[in-house]
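Take a look at the letters that make up each chain.
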Amino acid sequence: MSSAKFPDYAAPTKIAYVDNRPSELHLRRCKFVLEAGGRQQERTFEQGVITIGAMEDNDLVVNDETVSRYHAKVQQTTDGYLLVDENSTNGTFINRVRIKEAFLKPGCTIQIGQVEAKFDFADERVQITPSDKDRLGLLIGRNIKMREIYRIIEKIAPTATTVVIEGETGTGKEVVAQTIHQLSDRKEGPMMIFDCGAVPENLVESELFGHEKGSFTGAIMTRQGLFEMGHGGTVFLDELGELALDLQPKLLRALEQREIRRVGGARPLKVDVRVIAATNRDLDEEVRAGRFREDLYYRLSVVRLYLPPLRERPEDIPLLAQHILEKHASNRDEKGKRRVIEIERDATEALCAYKWPGNVRELVNTIERALTFCDGQSIRLQDLPETARSTESTSSNGSATFKDAKERWVASFERDYIISLLRRNGGNISHAAREADIDRKYFRKLMRKYGIEAGADAGDD
């Protein structure tokens, strides 16, 4: 896993891996002890940029007449913590030497106007051992890889750390993001969700950052973007790898400076959001191919979580299936009582043996379909779709048969083809089906089969 090179005295927040397994989480933090009016104020920060000044929207607010409104900032770089004076009236000093910009060392004294503060590191190193839980927030599973993810989430959720979630389509990356938000200090704030691949490219900037009235054809009024609407909360960027190259510097600015500029806007706007991103692409490969900016990649990849596909954690399938029975609306009668109570043993065994190309999303759709066909209190083997109940998918020695390999190849092709059509047509099902030259109802059937969603804002027409 790639990472920027930091000297030992300013190591980045990152996860160390041994044999492709997470072994240690290093949380990079710094601390200010402020001396003012005979009182001490201690503040700890994890974010990449810390603003200092007299205005209330600064991270470190210093109420003193000698301090400018936006006096200075501390920025994490690949070489350490850089203190930058923001053209203040009374200057910024390190150990009584006035600076324009300079790197900070542990134990140094910063002077902002006439106010002094001690600067130090407050890093934390955590050994990653699997949690003893079988669920965390909205996540369910006792697989060791899932329990390692739980441990990491418990440590990073309360911080401001940017997170990238990697994994195949349908593994539940949005559920991970929602869990991080729920366990964070921002849980009372909004969580804004944006699919970078489901919105036409010419509208992405407006959706993310907003626009001013008259800034382009159709902009009949000023509109806030997701970063403004998510102020005080979390912005989840799904399918990050689909973000166009020309928009990536603007996202980088939002991450580093915590400010955005509306389309057609003349002034920057301060925003306070935590960014969580998800992708099913290999971002390392995207950077090498020139499709993703290296500086944005390093800024986003503070903590990267890999969500395993469902086929790698079959022991979690009974837990997930039971949870779906308990929570799914289609399993309730008119009085709100559960209709189906359990899944029979042979049906459970079939679910555990199936390879789940559509992952958890496909499992949800499979259980929902079974609930439709079930006429008793138990889901039977015959209630499952043929693909999930086939006993011929694997040979006796555990290797894939020709039939199994063919079915997987066809399933993989169909799923990827449907997804690419929807992206190319902005999530419009009718247009995608027309391009594929197949009936719209059959197109929808394929979407249901593989647990594919067109996108929250997409329509049929």
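The structure this text deals with has already been given above.
Read on for a plain summary of the structure. (Residues numbered from 1 in each chain as written. Predicted model: local features only at pLDDT ≥ 70, side-chain atom pairs only at ≥ 80, totals over all residues. Heavy atoms only, no water.)

## Digging into the environment of Glu174
Here is step 1 of the chain: As for its placement among the helices and strands, Glu174 is situated in helix H2 (residues 173–182).
Here is step 2 of the chain: Residues Glu174 and Ile429, spaced 255 residues apart in sequence, show a C-alpha to C-alpha distance of 22 Å.
Here is step 3 of the chain: Sequence-distant contacts of Glu174, defined by excluding residues within four places in its chain, comprise Ile193 and Phe236. (Helix = DSSP H or I, 4+ residues; strand = E, 2+ residues; numbered from the N terminus. Contact = heavy atoms within 4.5 Å.)

## Brief notes about the nonpolar core
Here is step 1 of the chain: Counting 31 residues, the largest nonpolar core has Phe227 and Leu237 as the members making the most contacts within it.
Here is step 2 of the chain: Among the secondary structure elements, those contributing two or more residues to this core are strand E18 (191–195), helix H3 (201–209), helix H4 (226–229), strand E19 (234–238), helix H5 (248–257), strand E22 (274–279), helix H6 (283–288) and helix H7 (294–300).
Here is step 3 of the chain: Looking at which element gives the most residues to this core, the answer is H5, with four residues.
Here is step 4 of the chain: Leave out the neighbours within four places in its chain, and Phe227 touches Leu208, Phe209, Val235, Leu251, Ala254, Ile260, Val271, Val273 and Val275.
Here is step 5 of the chain: One finds Leu25, Val126, Ala177 and Leu307 within the second-largest nonpolar core, a separate group that totals 26 residues. (Core = buried A, V, L, I, M, F, W, Y, C linked by side-chain atoms within 4.5 Å. Buried < 20%, exposed > 50% of the residue type's maximum accessible area, 1.4 Å probe, protein only.)

## Topic: a positive patch on the surface
Here is step 1 of the chain: Taken together, the side chains of Arg369, Arg389, Lys445 and Arg448 make up a positively charged region of the molecular surface.
Here is step 2 of the chain: The topology assignment puts Lys445 in helix H14 (residues 440–449). (Patch = residues over 30% accessible without salt bridge, like charges linked within 9 Å, V, L, I, M, F, W, Y side chains within 5 Å. Areas by Shrake-Rupley, 256 points an atom, 1.4 Å probe, with all protein chains shown as cover. Salt bridge = Lys/Arg side-chain N within 4 Å of Asp/Glu carboxyl O. Lys, Arg positive; Asp, Glu negative; His and termini not counted. Charge placed at Lys NZ, Arg CZ, Asp CG, Glu CD.)

## Some details on the pairing of E19
Here is step 1 of the chain: With five of five residues buried, E19 lies mostly within the body of the structure.
Here is step 2 of the chain: The pairing of E18 with E19 spans five bridges and is parallel. Bridge pairing links Asp195 to Asp238 in E19.
Here is step 3 of the chain: Where E19 lies against E22, four bridges are found, and the strand directions are parallel. The residue of E22 that forms the bridge with Thr234 is Arg274. (Pairing = 2+ DSSP bridges.)

Limitation: the analysis is restricted to geometry and does not speak to function.
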